[in-house]
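Now for the letters of each chain:
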Amino acid sequence: METVQVDVAVVGGGPAGLAAAWKAREAGAERVMLVERDFELGGILQQCIHPGFGLRYFKEELTGPEYAERFIARIREAGIEVKLNTMVLEIIPSGAPSVAPECALMCVNRQDGVLSIRAKAVVLAMGCRERTRGAIAIPGERPAGIYTAGTAQRLINMEGLMPGRQVVILGSGDIGLIMARRLTLEGAEVKAVVEIMPRPGGLERNLVQCLHDFDIPLLLRHTVVEVHGRQRVEGVTIAAVDENSKPVAGTEQFIACDTLLLSVGLIPEVELCRGAGIEIHPVTGGPVVNEWRQTSMPSIFACGNLLHVHDLVDNVTREAEIAGREAARYSRGELRAKPEAIAMVPGRNVRYVVPQFISAWGEEEVQVYFRVVETEEDVYVVAKLGEQLVARKRQMRVQPPEMVSLRLRPQAMVESLRKLVELKGISAKDLVCRIEVEPHGQN
Amino acid sequence: MAKTETKAVICVACPLGCHVQVTMEGGRPVKALGAQCRKGLEYATQEIQDPVRVLATTVPVTGGILPLLPVRTEGPVPRRMLRACMLALAQCRVQAPVRAGQVILENVAGTGVRVIASRDLPRLSSGL
């Protein structure tokens, strides 16, 4: 078996892996290796041919392939080694008897056969998967013509295949909305986008450009209750749902169609993480990390949609740069955590917070990212240690499809902590920072 | 006196998605409120007069590592011309290799806008 030694190994060549590998090299890691299972780099960006990427990071609007191209060029220029068509089968964390003090990535490809990559630090960037029909349990036959939205996107945009002519889309996530437009432009008829929630799942701009522009109906508080057809989809029955998301009897209607697309959510791809014994967060479905994007296995870092599902690739890039930079520092033995971490926990109207811990609080500025549960207008987003306010930002609107961020300044953290200790004599073990949304005018 | 009315536009210039209220007088926009930047004002005004969009699609490519090349209009085209642009691009065929940014079609459907390649598409070498 062939073995190679590297400083930082990155798993996954999508937007997160590209940025992490590039940044690790920038941050001084001598030998960086990027492992990708597909035949080329870029990941999901290569099938996202629509514009809307890079507005924040590059300050201009790019398509997915253009965004990928810029990072692929950086990877090439930085002299990063890339292993394409290579599947990582297992990750053995450092400290394990066979490989300590390094991590081992067991890989397979056609050139090397079985390959073992020994790395001082690893960045995981495997992205996510689409939730399937099985995962949402729609009754009915099992005919051809049911696809996840992302699969349909790959078929249409990369392989030149039309999945169908008359389409119903279940779920109003961004990929579903984007596909409603794409299918329409390619000559299909999108009969409806059906969303079980009382609000759309995708970004506002996609509702405008993808549905309104083409007069595609969006049916909120509706779901597909049955799929018809034995060989091929012949139609679906949809129904309105009540407050508990249960179909309301008597509201059923039949829509004739030959294709049903599912855009019902994404799930982080964590098989390799589980194998490595990395702690997974119950809400995000991805690894639990600190501000360096370091997982519960100190030599392993994580970023991108593997960590939590993002709405903007620009945020993925920023996060991956942190993971890459800190993995490079770890590989040189330069990362130092404090004995007690501060736990970041969701408070009022917050579903989850990333990072889940801050390990070196009071040293560097930390940007926390979170998602809200409900839409609210004119609010403050706040961070509190006990009753001490650490950070506060006014926001015109918060809504579930859009990730919110808040900057925590190191002095504010230290000062709040000092006050807390003086007032209450709190022990370092109670270090909990709550992130929450407050209506404006309430303190 | 000219008739005054207000139209609501959601700005799609960036991910913020500002809700802009545009006041119209005699069919012309005179005031816009609710945008968080200048782009939002420009967008809202344009959106009411004649909405424009960047069109992204694919064209078939021969001899490449993939059967399709992703392309986009270099700048925005009027929304009412999207269908015409798609029809013009349906006639288009390209040969690999293609470089990102390469012009695929000049003046698509008479809009005066060029269509460019969104990515490099190398030739498929035998034995791959």
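Above this note sits the structure.
Anyway, here's the lowdown on the structure attached to this text. Because the structure is a prediction, the values reported are computed rather than measured. (Residues numbered from 1 in each chain as written. Chains lettered and ligands numbered in written order. Predicted model: local features only at pLDDT ≥ 70, side-chain atom pairs only at ≥ 80, totals over all residues. Heavy atoms only, no water.)

Residues and elements named next belong to chain A. Relative to the elements of secondary structure, Asp311 occurs in the loop between β19 (300-302) and α8 (313-331). A distance of 2.9 Å separates polar atoms of two side chains, one belonging to Asp311 and the other to Arg371. At 3.0 Å, the side chain of Asp311 and the backbone nitrogen of Met403 are in polar contact. In this view, Asp311 contacts Asp174, Leu203, Arg371, Pro401, Glu402 and Met403; residues no more than four positions away in its chain are not counted. (Helix = DSSP H or I, 4+ residues; strand = E, 2+ residues; numbered from the N terminus. Polar contact = N/O pair within 3.5 Å; in protein donor to acceptor, adjacent residues only side chain to side chain. Contact = heavy atoms within 4.5 Å.)

Turning our attention to the interface of chain A and chain B. Contacts between chain A and chain B engage 31 residues on the former and 34 residues on the latter. Contact between chain A and chain B buries roughly 2,800 Å² in total, counting both sides, with carbon and sulfur atoms accounting for 58%. Taken as a group, A:Glu69, A:Leu185 and A:Asp213 account for 18% of the area that chain A buries against chain B, more than any other trio of residues on that side. In this structure, the connection of chain A to chain B is made through four salt bridges. Taking the shortest distance from any N to any O, the salt bridge between A:Glu66 and B:Arg72 comes out at 2.8 Å. Inspection of the chain A/chain B interface yields twelve residue pairs in polar contact (both at pLDDT 80 or more). For the side of chain A that touches chain B, the secondary structure elements donating two or more residues are α2 (64-77), α4 (149-159), α5 (174-185), α6 (204-211) and β25 (388-398) of chain A. (Buried area = accessible area lost by both parts, 1.4 Å probe. Salt bridge = Lys/Arg side-chain N within 4 Å of Asp/Glu carboxyl O.)

What follows concerns the sheet that holds strand β15 (residues 235-240) of chain A. All names here are of chain A. Read across the open sheet, the three strands follow the order β14-β15-β16; overall the sheet is antiparallel. With partners counted over all chains shown, the strands left at the sheet margins are β14 (222-228) and β16 (253-256), one partner each. The sheet shows a mean angle of 30 degrees between the axes of neighbouring strands, direction not considered. Pairing geometry for β14 and β15, over six bridges, is antiparallel. Its bridge partner lying in β15, Thr223 is registered against Ala239. (Pairing = 2+ DSSP bridges. Axes fitted to C-alpha atoms, helices over the stretch in contact; angles between N-to-C directions.)

Residue and element names in this part refer to chain B. The sheet built from three strands is open, its strands ordered β1-β2-β3 with antiparallel pairing. Taken across any chain shown, the strands that pair with only one partner, and hence form the sheet edges, are β1 (4-10) and β3 (28-33). When strand polarity is set aside, the average angle formed by the axes of neighbouring strands in this sheet is 30 degrees. With five bridges connecting them, strand β2 (residues 19-25) and β3 associate as antiparallel partners. Residue pairing in the sheet places Glu25 in a bridge with Arg28 of β3. Sitting on the sheet, helix α1 (residues 38-49) touches β1, β2 and β3, and the angle it makes with β1 is about 115 degrees.

Here the focus is the packing of aromatic side chains. The geometry of an aromatic ring pair comes down to the distance between the two centres and the angle between the two planes. All names here are of chain A. Summed over all chains, the structure comprises seven aromatic pairs over all chains. With centroids separated by 6.1 Å and ring planes inclined at 80 degrees, the aromatic side chains of Trp22 and Phe71 adopt a geometry described as edge-to-face. Note that Trp22 is positioned in helix α1 (residues 15-26) and Phe71 in helix α2, a separation of 49 residues in sequence. Neither Trp22 nor Phe71 differs from the other in exposure class; each is buried. Among the aromatic residues, those joined into a cluster by ring pairs are Trp22, Tyr57, Phe58, Tyr67 and Phe71. Lying over the aromatic face of Trp361, Lys338 brings its terminal NZ or CZ to 4.3 Å of the ring centre. (Phe/Tyr/Trp six-rings, centres within 6.5 Å; stacked < 30°, edge-to-face > 60°. Buried < 20%, exposed > 50% of the residue type's maximum accessible area, 1.4 Å probe, protein only. Lys NZ or Arg CZ within 6 Å of the ring centre and 35° of its normal.)

Taken by themselves, the reported measurements are silent on function.
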